[in-house]
Each structure stands twice: as C-alpha cells, then as structure tokens.
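Here is how the chains run, residue by residue.
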Amino acid sequence: MITQVKRRLVVGVLFLLVGFVSTTQADVSVKIIGSEYDSSKVFWTEKSRAFKAAKITTELQKILDGAGVGTANVVYEDRYDYYAGKEVLNLASWFHWPYPAGATEQETELNRWADLRGEGSNQWDYVILIGDSYTIEKMPGLYAHGVAKVSEEVAKGTNGAETILLVPWPSAVSDSTVAHYKEVVYRVGRSGGLKVAPAALAREAAETAGLVGADLTPDSDTNSYICAASLYSRIWNQSATNSSYAFNDTLADSV
C-alpha cells in the first residue's frame, strides 16, 4: 500500500514537472510567416521569385540571443509546406485555405487561427509577415486582404502581440521596383496601424553607401542579416550593434 502511494506521488510530481516545462514561455516569442515559393510558380512566370525567410529567422534568433532581451524563441512557418505541397503561397490563401474532408482536430483551421492568437504552444509577442512577391507586385489588394485577416486574428490574442510587416525587395528577374514594394507595404501598414520594417530600403541605402554589393539573393548571409537587423531595429528602436552577435557593426548601424 505504501509502495503504491509512493508511486502515485512520483507520477504526480512528474506530471506537474512535465506540465510546467511544456507551458513555460520564452521572454520573447516571434513568429515569422513566409514562403519558400511565390505565386509565379502557379502562374507560370519567372517575373518574380520568393523572398525566402528561413535564414532571416536564424539571423534574428542570433541577434536576440545576444541582445539582453531574455530567452528568445523565433519560429519560421513556411506557408507552402504547411499544406503539404498544395501551392498555398500568399497570405490570404494561407489564412483561408480549407482542410480536406476528414481532417483531424489537430489539422483544422481553428488550430491555425488559434496559433496566431497565441493559444497554442507559443504565446507570440510579434508575428512578422513577409508577403508573396508576385502578389505584392501584381495583386496588392490580395496582399492587403491577407495582412488584414492575419493581423486581425493576431490582435484577438490576450498576449498583446503585434503584427510587423517586412518590406522585401524584388528579385533580379522581376520587372518591379523597391519603390513599388515600399508603396504597397507601407500603405497596408498604415491602413491597419501596423509597424513596418523597411528591409528593402535599408538594403538599398547600404548598397548606395558601398557596404554591400548588388547581390539581391534574399537568403544570402548579408541580406538575411539586413532583414533581421531591420526587424530588430524597428521593434526595439535601437541598432543591432547592441547585440553581442557581431555580424557587421557598420552594416547594422546603417540599417
């Protein structure tokens, strides 16, 4: 009898410990939503290329780890992979896309939206949106709708999370311009009262100053850092040089 009581006590303590670990939150939690592909893949055109975000996530994590903000958790969600190759590429489609018949509760839209509200395993402080390049260039209204729906869901959460828009830049094969991207993203940001991280403008200024070359590849080390430093500076209102992660202090101050 005593042995059984001891076992129950041990199991109870372990259960409490597991529950505590699973619900412990980082001091700063950031979700970045992007895509490894853009809608030009669907419309059979090579006039735009996806602005990839996986390495931006890595660079932002490094900056935050050295910035004295406490424990940081930066998570990247690929809109494309989320639907197992269903070619869901823009924010609006990602938000509204229906699950197949017979989908489990874990796969339902309720859980997708609940995650944006911070009701899942992470309570977000910031949700960063990187729009689909083709949509920004050719269908800005659809981009605006996607941002509005996602940010609306984020705002429903109880953690006070903010939605941040990143200004990407057009690829070398695009016939668009940084000015167009800026115009679209800033208009959408102003209409929704959202902060905008002007990565494209920061990169353009750094190139003018001779700090970077003409390589527009969004997932290069330098360009990924520019985006991450732009996000950090916009949210925390200080240079990424304040982080002990020293990628390039001159570039960070320029950003």
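In case you missed it, the structure is sitting above this.
Residues numbered from 1 in each chain as written. Predicted model: local features only at pLDDT ≥ 70, side-chain atom pairs only at ≥ 80, totals over all residues. Heavy atoms only, no water.

**Student:** How should the packing of helix 9 (residues 199–208) against helix 10 (residues 221–236) be read in this particular structure?
**Tutor:** Packed helices, taken two at a time, are described by the angle between their axes plus the distance between the axes. Two elements in contact, helix 9 and helix 10, have axes whose closest approach is 9 Å; the angle formed by their N-to-C orientations is 125°. Between helix 9 and helix 10, the crossing angle belongs to the class labelled oblique. Handedness of the crossing formed by helix 9 with helix 10: right-handed. Across from Ala199, Ala202 and Arg203 in helix 9, the residues of helix 10 making contact are Asn223, Ile226, Cys227 and Ser230. Looking at side-chain class alone, the contact of helix 9 with helix 10 contains 4 nonpolar, 2 polar and 1 charged residues. (Axes fitted to C-alpha atoms, helices over the stretch in contact; angles between N-to-C directions. Helix = DSSP H or I, 4+ residues; strand = E, 2+ residues; numbered from the N terminus. Parallel < 35°, antiparallel > 145°, perpendicular 65-115°, else oblique. Left-handed = near helix turned anticlockwise from the far one by under 90°. Contact = heavy atoms within 4.5 Å. Nonpolar A, V, L, I, M, F, W, Y, C, P; charged D, E, K, R; others polar.)

**Student:** Would you explain the pattern of salt bridges in this entry?
**Tutor:** Opposite charge on two side chains makes pairing possible when the charged atoms of those side chains draw close. Tallied over the entire structure, the rule returns 12 salt bridges. With its nearest N and O atoms 2.5 Å apart, the salt bridge here joins glutamate 77 to lysine 31. Within this pair, whereas glutamate 77 is found in strand 2 (residues 72–78), its partner lysine 31 is found in strand 1 (residues 28–34), the two being separated by 46 residues in sequence. By relative accessible area, which is 13% here, glutamate 77 ends up buried. (Salt bridge = Lys/Arg side-chain N within 4 Å of Asp/Glu carboxyl O. Buried < 20%, exposed > 50% of the residue type's maximum accessible area, 1.4 Å probe, protein only.)

**Student:** Even after reading the chapter, I still don't get helix 10, so can you show me in this structure?
**Tutor:** Every α-helix winds through 3.6 residues per turn, so residues three or four apart in the chain are directed the same way. Here helix 10 spans 22 Å end to end across 16 residues, near enough to the 22 Å set by a 1.5 Å rise per residue. Counting buried positions along helix 10 gives 12 out of 16 residues, so the element sits mostly inside the fold. Among all positions of helix 10, only Asn223, Ser224, Tyr225, Ile226, Cys227, Ala228, Ala229, Ser230, Leu231, Tyr232, Ser233 and Ile235 are buried. Buried residues along helix 10 sit in contact with helix 2 (54–65), strand 3 (126–129), strand 4 (162–166), strand 5 (195–197), helix 9 and helix 11 (249–254). Asparagine 237 occupies a position one or two residues after helix 10 and carries a positive phi of about 60°. (Expected span 1.5 Å × (residues − 1).)

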